[in-house]
Amino acid sequence: MDIPVFHLDVLNDRVLIAIIAVLHVVINHGMAVGGIPLVAYLERRGLATGDEAWDALAFRILTVFFIVTTTVGALTGVGIWFSAALVNPYAMGSLLRVFFWTWFTEWLVFVTEIVLILAYYLTWKKWRGPRKHAHVRLGGALSAASWATMALIVSILSFMMDPGSWHSDKTLFSGMFNPVYLPQLAFRTPLAMIMAGAFALAIVAWSEEDASMRARAVRTISSWILVWMLPCAAGGFWYARAVPSAMAANLPIALGTQALQAWSRTALAVLGGACAVIAIVALWGARKPNSTRTWALVVPALLSILLIGAFERVREFVRKPYAIAGYLYSNGLRKDDYPLLQRDGLLARATYTRVRRITEANEVDAGREVFLLACTRCHTVDGVNGIRSVLAAMYGDDRPWDREAIASYVGSMHDLRPFMPPFPGNEREKNALAVYLEHLQLHRETLEGAQSTGVVIEP
């Protein structure tokens, strides 16, 4: 509460992060972590067989991966942390305090990765003959750097799900090697390899004109996908077992929404079906590459994007009500600060607020400030996950909402919906929030963040 609140009242703050993050993960996993090893493998195959067609194919795939990763991939990589810092600066501040040296190391590795991929791409046609062996080794070094960046960041992502013994000893080592870290890394690594194969198949489908080479490429890349499927399934099983049971209970809603949670098994079946389709296409390509159709070779890439988007959505949602499990709630407030805030009130402790004291005359304005401070990390007024639609679903929109019923719900919402954090303010603020929410039934409004309204410090 020491930083002005950034808020997008139509798009929703979390959707902003989700768009950037999913786009980055698609590129990072499919074209860097998995993509570079695949390219290096195809290049080495060309060197071993003396067939220049493999070298040309590997360079075409690398060209696509190089352009996308060094432009959109690099921008969205920075964009994830920039947008996350805007939406939940307290979570980012907490993570920086724990993982400063991890992030510093990751930055060094990332710079190394950029230098290596520039060298790898720009020397492709220059390092020929005896120097080709050195170029293949350069691809190996780039593959290691790409994997290392992911390995470092996954330690932070898994820490947010389960900090493990860090709660007691507060060391970087315990934070990095949390209970979810290695299982999640064991899942993401083969997943990235599969995604790389899926994207490479799509590139082959549209760029390879020689029928013989097309068939050989489809067989080789399809086999690459099949090889990584068993490790991916094993890693996924290990990862699923490592997720804390309280978070697993959020899975039905994470797979859809509150309204659609009854369809969670159907959603799970659809995702399982998508995995099966990728396996079938890969098996088809490995056994009968001459008969594979262009459209079929594009399907695994499209399904990979669907699957990784669903995976990231589930991973983000299941850890609720926390942003950092057991430490920081998703509303940006520390669990240990709750007793103080519930005694003194949010408005008394907030640096940037337009209302400091609640009176009968300013209850709506006070409730709006409480909503801005405590609810807008996840909710909008009328946009994505809008609070009006939530209340309309609960109380109906054809009769007046009852402020006392709303206040009672706000006080117990974390019991009824375990993915919601407890209300952080005092009794007076809870009632003011209920008045504001009741007011919204008849008064549509857009709640702007500090980026639009500027900041006000009420003495």
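None of these values were measured; they are calculated from a predicted model. One numbering rule holds for all chains: residues counted from 1, following each sequence as written. Local features in this predicted model are restricted to residues of pLDDT 70 or higher, and side-chain atom pairs are both shown and tallied only at a pLDDT of 80 or more, whereas totals for entire chains, interfaces and linings draw on every residue. Side-chain descriptors were evaluated using all non-hydrogen atoms of the structure, hydrogens and water having been removed beforehand.

## Focus: the overall build of the protein
- Going along the chain from the N terminus, every DSSP run of H or I of four or more residues is numbered as a helix, and every run of E of two or more is numbered as a strand. Assigned secondary structure in the protein consists of 20 helices and two strands.
- Taking 459 residues into account, the globule formula puts the C-alpha radius of gyration at 23 Å, and the protein, at 25 Å, falls close to it.
- Counting only C-alpha atoms, the protein reaches 85 × 45 × 40 Å along its principal axes.
- Counting every position in the protein, which comprises 459 residues, the buried fraction comes to 54%.
- Under this rule, positive means Lys or Arg and negative means Asp or Glu; His and the chain ends count for nothing. Note on charges: their place is set at NZ of Lys, CZ of Arg, CG of Asp or CD of Glu. Computed over 41 positive and 35 negative side-chain charges, the inter-centroid distance for the protein is 11 Å. Every radius of gyration here is taken over C-alpha atoms, with the globule rule written as 2.2 Å times N^0.38, N being the number of residues. Any residue under 20% of the maximum accessible area for its type is buried, any over 50% is exposed, and the rest in between are partly exposed; the area is computed with a 1.4 Å probe on protein chains only.

## Some remarks on the UniProt feature "domain: Cytochrome c" (unreviewed entry) in the protein
- Using the residue numbers shown here, the UniProt feature "domain: Cytochrome c" (unreviewed entry) corresponds to residues 362-441.
- Between the end C-alpha atoms of residues 362-441 there is a gap of 18 Å, over a span that is 61% helix and 0% strand. UniProt positions are given in the numbering used here, feature names are shortened, and annotations may be inferred rather than shown by experiment.

## With respect to the UniProt feature "transmembrane region" (unreviewed entry) in the protein
- The positions UniProt marks with the feature "transmembrane region" (unreviewed entry) are residues 15-40, 61-87, 107-124, 136-161, 181-206, 218-240, 260-283 and 295-311.
- For residues 136-161, the end-to-end C-alpha separation is 38 Å, with 100% helix and 0% strand making up the annotated structure.

## Some points on the layout of surface pockets
- The pocket and cavity definitions rest on a 1 Å grid over protein atoms only: a 1.4 Å probe that fits but cannot leave marks a cavity, an open set with protein on both sides within 12 Å along at least five of seven lines marks a pocket, and residues lining either have an atom within 4 Å of a point. Grid points are joined across faces, edges and corners, and a volume is the space filled by probe spheres set on the points. Of the voids in this model, the second largest pocket is the one considered here, and its volume is about 990 Å³.
- Looking at the second largest pocket, it is lined by 31 residues, and the ones nearest its centre are Phe-187, Gly-236, Leu-268, Cys-275 and Phe-311.
- Of all elements in the fold, only α8 (181-207), α9 (211-242), α10 (245-248), α12 (264-287) and α13 (294-318) reach the threshold of two or more residues within the lining of the second largest pocket.
- Counting residues per element, the lining of the second largest pocket draws most heavily on α13, which supplies eight residues.
- Per-class residue counts for the lining of the second largest pocket are 27 nonpolar, three polar and one charged. Following the grouping adopted for this structure description, the nonpolar residues are Ala, Val, Leu, Ile, Met, Phe, Trp, Tyr, Cys and Pro, the charged ones are Asp, Glu, Lys and Arg, and the polar ones are all others, Gly among them.

## Things to note about the packing of α9 against α13
- Helix axes use the C-alpha atoms of the stretch in contact, all axes being lines fitted to C-alpha atoms, and the angles between their N-to-C directions lie in the range 0 to 180 degrees. Interhelical geometry of α9 versus α13 gives an angle of 20 degrees and a closest axis separation of 13 Å. With respect to α13, the element α9 is oriented roughly parallel. Here α9 runs over α13; the crossing is left-handed. Contacts between α9 and α13 involve Arg-214, Val-218 and Tyr-239 from the first element and Thr-294, Leu-297, Phe-311 and Arg-315 from the second. Relative orientations are named as follows: roughly parallel for angles under 35 degrees, roughly antiparallel for angles over 145 degrees, roughly perpendicular for angles from 65 to 115 degrees, and oblique for any other angle. In this scheme the handedness of a crossing depends on how the near helix is turned from the far one: anticlockwise by less than a right angle means left-handed, clockwise means right-handed. The contact definition used throughout considers only heavy atoms, calling two residues in contact when any of these lie within 4.5 Å.

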